[in-house]
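A structural walkthrough
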Amino acid sequence: MDPMDTNDSVPPLRNTVDDSTNNDVHTHVKTHINVNKVPKGVNKVPEGEIKGENNTLGTQNNTQPTPMKTESTPTTITNPVNTSKPTSSINTNVPTASVPTASVTTAQPSDSIVSSSMSSQKHSQQQQQQQPPAAAAPSSSSSKPSATPAPVSTDNNTTAAAATATTTTTNTHTKATTKDAKDVKENSNNSDDDDVLVPPINITSDEVNFLVYRYLQESGFVHSSFTFAYESLLTKSSTVNAPLPPGALITFLQKGLQYLAIEEHLTPEGGEKLCDGDFGLLSPNTCEALMGGGQAGVGVGGVDNYPTETEVAEAQQAAARQAPPPLPPAVDDDSTAVSLGSYVTLSRHTSEVFMCSWNPVRTNLIATGSGDATARIWTMGGPTAAHGFTGSVTLKHGDYLGDKNKDVTTLEWSPDGARLATGSYDGVARVWDAEGNIVYTLQLHKGPIFSLKWNKSGTYLLSGSYDKTTIAWDMKTGTVHQQFTFHGAPALDVDWNGDDVFASCSTDKTVVVCKVKGGAGSPPSPWDSQPVVKFEGHDDEVNAVKWSPDGALLASCSDDGTAKIWSYDASAVTSAPAPAGSQPAKPLQDLTLHTKEIYTIKWSPTGPGSPNPSKPLLLATASFDNTVRLWSAATGACIHTLRRHTQPVYSISFSPSASHLASGSLAGKLYVWSVDAGEVVCSYTGKGDIFEVAWNREETRVAACFSSNAITVVDFKGK
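What you see as residue numbers is a count from 1 along each chain, following the sequence as written. Totals for whole chains, interfaces and linings use all residues, but because this is a predicted model, local features are given only for residues with pLDDT of at least 70 and pairs of side-chain atoms are given and counted only at 80 or more. Hydrogens and water molecules were not included; the side-chain quantities draw on all heavy atoms of the structure.

**Brief notes about the packing of aromatic side chains**
Between 30 and 60 degrees the pair is tilted, below 30 it is stacked and above 60 it is edge-to-face, where a pair is any two Phe, Tyr or Trp rings, Trp via its six-membered ring, whose centres lie within 6.5 Å. Applying the stated criterion to the full structure yields 17 aromatic pairs. On the basis of an interplanar angle of 15° and a centroid distance of 6.4 Å, the ring pair of tyrosine 460 and tryptophan 496 is categorised as stacked. Within this pair, whereas tyrosine 460 is found in strand E13 (residues 460–465), its partner tryptophan 496 is found in strand E16 (residues 491–497), the two being separated by 36 residues in sequence. No difference in accessibility class separates tyrosine 460 from tryptophan 496, as the two residues are buried. Runs of E in the DSSP output that reach at least two residues are strands. Runs of H or I that reach at least four are helices, and both are numbered from the N terminus. For the exposure calls, accessible area comes from a 1.4 Å probe over protein chains only, and a residue counts as buried if that area is under 20% of its type's maximum, exposed if over 50%, partly exposed in between.

**Notes on the sheet that holds strand E22 (residues 563–567)**
Between any two strands, at least two bridges found by DSSP are needed for them to pair. Here 4 strands make up an open sheet; going across it, the order is E20-E21-E22-E23 and the pairing antiparallel. On the outer flanks of this sheet lie strand E20 (542–547) and strand E23 (589–591), each paired with one strand and no other. Direction aside, neighbouring strands of the sheet carry axes that sit 15° apart on average. Alignment of E20 against strand E21 (residues 553–558), held across 5 bridges, turns out to be antiparallel. Considered in E21, the bridge of valine 545 is made with serine 556. Under this scheme, a helix contributes an axis fitted over its contacting stretch, all axes are lines through C-alpha atoms, and angles between N-to-C directions fall in the 0 to 180 degree range.

**Points about the sheet that holds strand E3 (residues 343–346)**
Read from one edge to the other, the open sheet built from 4 strands follows the order E3-E34-E33-E32, with strand pairing classed as antiparallel. Edge positions in the sheet fall to E3 and strand E32 (690–695), since each of these pairs with one other strand and no more. Within this sheet the neighbouring strands show an average axis-to-axis angle of 20°, counted without direction. For E32 and strand E33 (residues 701–706), the ladder comprises 5 bridges, and the chain directions are antiparallel. The residue of E33 that forms the bridge with glutamate 692 is cysteine 705.

**Quick notes on helix H2 (residues 205–218)**
The terminal C-alpha atoms of H2, which comprises 14 residues, lie 20 Å apart, in line with the 20 Å expected from a rise of 1.5 Å per residue. Residues of H2 that are buried include every one of Ser205, Asp206, Asn209, Phe210, Leu211, Val212, Tyr213, Arg214, Tyr215, Leu216, Gln217 and Glu218, and no others. Positive backbone phi, approximately 90°, marks glycine 220, located one or two places after H2. A helix is expected to span 1.5 Å for every residue after the first.

**A word on the packing of H2 against helix H4 (residues 248–264)**
Helices that pack against each other are described as a pair by the angle of their axes relative to one another and the distance between those axes. Packing of H2 against H4 brings their axes to within 8 Å, and their N-to-C directions diverge by 115°. One element, H2, and the other, H4, form an angle in the roughly perpendicular class. Contacts from Leu211, Val212 and Tyr215 in H2 reach Ala248, Leu249, Ile250 and Phe252 in H4. Oblique is the label for any angle not covered by the other classes, which are roughly parallel (under 35 degrees), roughly antiparallel (over 145) and roughly perpendicular (65 to 115). Whether two residues are in contact is decided by their heavy atoms, any of which lying within 4.5 Å being enough.

**Some words on the confidence of the model for the protein**
Within the protein, residue pLDDT values average 74, and 64% of them lie at 70 or more. For every residue, the predictor states its confidence as a pLDDT score lying anywhere from 0 to 100. For residues 1–194, every residue scores under 50 in pLDDT, and the model assigns this stretch 521 contacts once sequence neighbours within four places are set aside. This stretch, residues 289–305, has a pLDDT under 50; its non-local contacts, to residues over four places away or in other chains, come to 24 contacts.

**A few points about the nonpolar core**
Buried Ala, Val, Leu, Ile, Met, Phe, Trp, Tyr and Cys residues form a nonpolar core when they are joined through side-chain atoms within 4.5 Å. By size, the foremost hydrophobic cluster in this structure holds 28 residues, and its most contacted members are Tyr213, Leu216, Ile377, Leu395, Leu411, Trp413 and Leu420. Elements with a contribution of two residues or more to this core: H2, helix H3 (222–231), strand E4 (353–358), strand E5 (365–370), strand E6 (374–380), strand E7 (389–396) and strand E8 (408–413). Core analysis: the next-biggest nonpolar cluster, separate from the first, contains 20 residues, Val513, Val533, Val545 and Ala572 among them.

**Concerning unusual backbone geometry**
Positioned with a positive phi, leucine 233 is a non-glycine residue whose angle comes to about 60°. Structurally, the position occupied by leucine 233 is in the loop between H3 and H4. For leucine 233, a relative accessible area of 17% puts it in the buried group. A positive phi angle is found at alanine 658, which is not glycine, with a value near 70°.

**Some thoughts on the pattern of salt bridges**
We define a salt bridge as a contact between a side-chain nitrogen of Lys or Arg and a carboxyl oxygen of Asp or Glu at a distance within 4 Å. Across all of its chains, the model carries 12 salt bridges by this definition. Close ionic contact of arginine 430 with aspartate 426 constitutes a salt bridge, the shortest N to O distance being 3.2 Å. Aspartate 426 shares its class with arginine 430; the two are buried. Put simply, lysine 453 and aspartate 495 hold a salt bridge, and the shortest N to O gap is 3.8 Å.

**Brief notes about the packing of H2 against H3**
In contact at an axis separation of 7 Å, H2 and H3 are set at 160° when each is read in the N-to-C sense. The angle between the axes of H2 and H3 places the two elements in the roughly antiparallel class. Of the two elements, H2 crosses H3, and the hand of that crossing is left-handed. Listed contacts from H3 to Asn209, Val212, Tyr213, Leu216 and Gln217 of H2 are Val222, Ser224, Ser225, Phe228 and Ala229. Charged means Asp, Glu, Lys or Arg here, nonpolar means Ala, Val, Leu, Ile, Met, Phe, Trp, Tyr, Cys or Pro, and polar covers whatever is left, Gly included. For the contact of H2 with H3, the residue count by class is 6 nonpolar, 4 polar and no charged. Note on convention: near helix rotated counterclockwise from far helix by under a right angle means a left-handed crossing. Clockwise means right-handed.

**Concerning the pairing of strand E28 (residues 649–654)**
For E28, the tally of buried residues reaches 6 of 6 residues, placing the bulk of the element in the interior. Here E28 runs beside strand E29 (residues 660–665); their pairing, made up of 5 bridges, is antiparallel. Within E29, the position partnered with serine 653 by the bridge is alanine 662. Following E28, the chain reverses through 5 residues before pairing antiparallel with E29; alanine 658 in that reversal takes a positive phi of roughly 70°.

**Observations regarding the pairing of strand E15 (residues 479–484)**
Examined bridge by bridge, strand E14 (residues 470–474) and E15 share 5 bridges and lie antiparallel to one another. Paired with aspartate 474 across the strands is threonine 479, a residue of E15. Here E14 folds back onto E15 in antiparallel fashion, the turn holding 4 residues, of which glycine 478 has a positive phi close to 70°.

See the structure below:
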């Protein structure tokens, strides 16, 4: 351990109720990739039951996880592979039966669980051999395939359905390989060739899990990938350190489909049947004639009637004319890349780093939260990367490093920079001082905490949780001030408007505005039992809510691919509740140009109530369609579409002057954009995926959190 790591023991707890956890709980955490949301992402949690005890997640024990109950509906996954059949002749000396089938050996650790994790936002579906497939449940967004968790045996020597299917496949393939190898040997004895040896191909359950995990991550199912990684114990496997190109699982499936397609269309004579029929992963293939009609390769009376070479050439030319234009060449980031020595990497975490936050007052401090069940407060050595960092303090959330139920899902500094609030998977919020000493342990939630926010004066801390509730905590006493139960599904994000009004959003597709009741002795208010305003209009779960600097506008974004700007009248809290049956409020602006889910939004620090009141107010949106858009709050017009990213964008952050915008995406791309020009002025490519980006107060540094367990701090000199 580095001697600079000055806090290696758990500090004494004060105002602690019960810090126990329950390994029975396996849910999708919407952590702060903002997985605030590894996550939120990690991915969002589907409807299910969490068993708790004494208002906690339960007590620590050796009970195995109990799968959650979820509703499911069928889904269709279209494989993007080009299924056009090759037209070249196939060597007729190689009969179909002699093509070797690789043996597959699955090494299954006794404590490993191969599982399919689901979020209502994003999921994957698997076909399993010699066993019925697990039920599949798509989210309401058609762009996100999903799968419900299959029941998992709790015996240590048993894995989930996916592993069982793999084992079954192993036996079948081993037998086939033995026969095929024998056939190859016999064929080789009749020729002058040397004996053909078929090497075994080993596939472990960890490798299969890693492929699925990476597929979920790359497809934007961050919460699902987070939960899957922990339920399958990937975090304890050395497999996660293996280099893996993007799209590896799809590549393997495509190659397997191509092999099966070729095998399916071989004729007994070694030729090839040509057809235009689709060859899918789950759908049966029905051959259709390449030219004309009828069954390909069969003429009247069963006589072969394959297309001529001329017909084949004409068909290929026609297909080429209908093909989409080629993609533009990849953008060269060399001209904007930060120079060596202009960044420093902080790498003491042992799992993904989900979020980071610069101290608003002591600007040499940056806090980070990780899946290793710790947060850290880093002290930078000076104003530039060349000064490095002088040390870090570890804020331990579990009994040991990497405690599965204690990974940090969200964090935020208080406005005065004196305290740091952290939320974790076990449903417990913790408050620390800037030196890393625990101040409060806040326990009431019955599920993972997705979001934490301080009010303007720092008197209340607001938390949103999977248990569908939001809680305002009194920061003078470390106790519950008020719990709100206005959502019908997990609360994904919260945001304050001043000191006593806040907004929250949920997977129930709604946004509610609530008012915190007064202190002791205050008269009852109608807002104690109902929201001040309820905004409805999204068609899918709402991922984030943000108030404009002056509190007059509220923005929300959703998996339905839209962002909305709502008008809020502050006098509503002094008015009587709207009568029953009133028409719901409509959005002031409906921003609909994104083609996929919008993961997060940020207001520019401009306009009324901001440090830059003379600049127009803008809203930035980051989407899984790989773009960031800048919108005019006044007109709803899209001012810039920032298209440099090639993977889903998870985090965006305006610089304090609003002159620049930082964005981070999968594939480790960090870009800093000129807001006025809409062009990249600085770029950095790191290892792994970026979950969050953040500016320091002086606008001289940008920090990015990576799935590779590291944080990179990049110097920015203004361009």
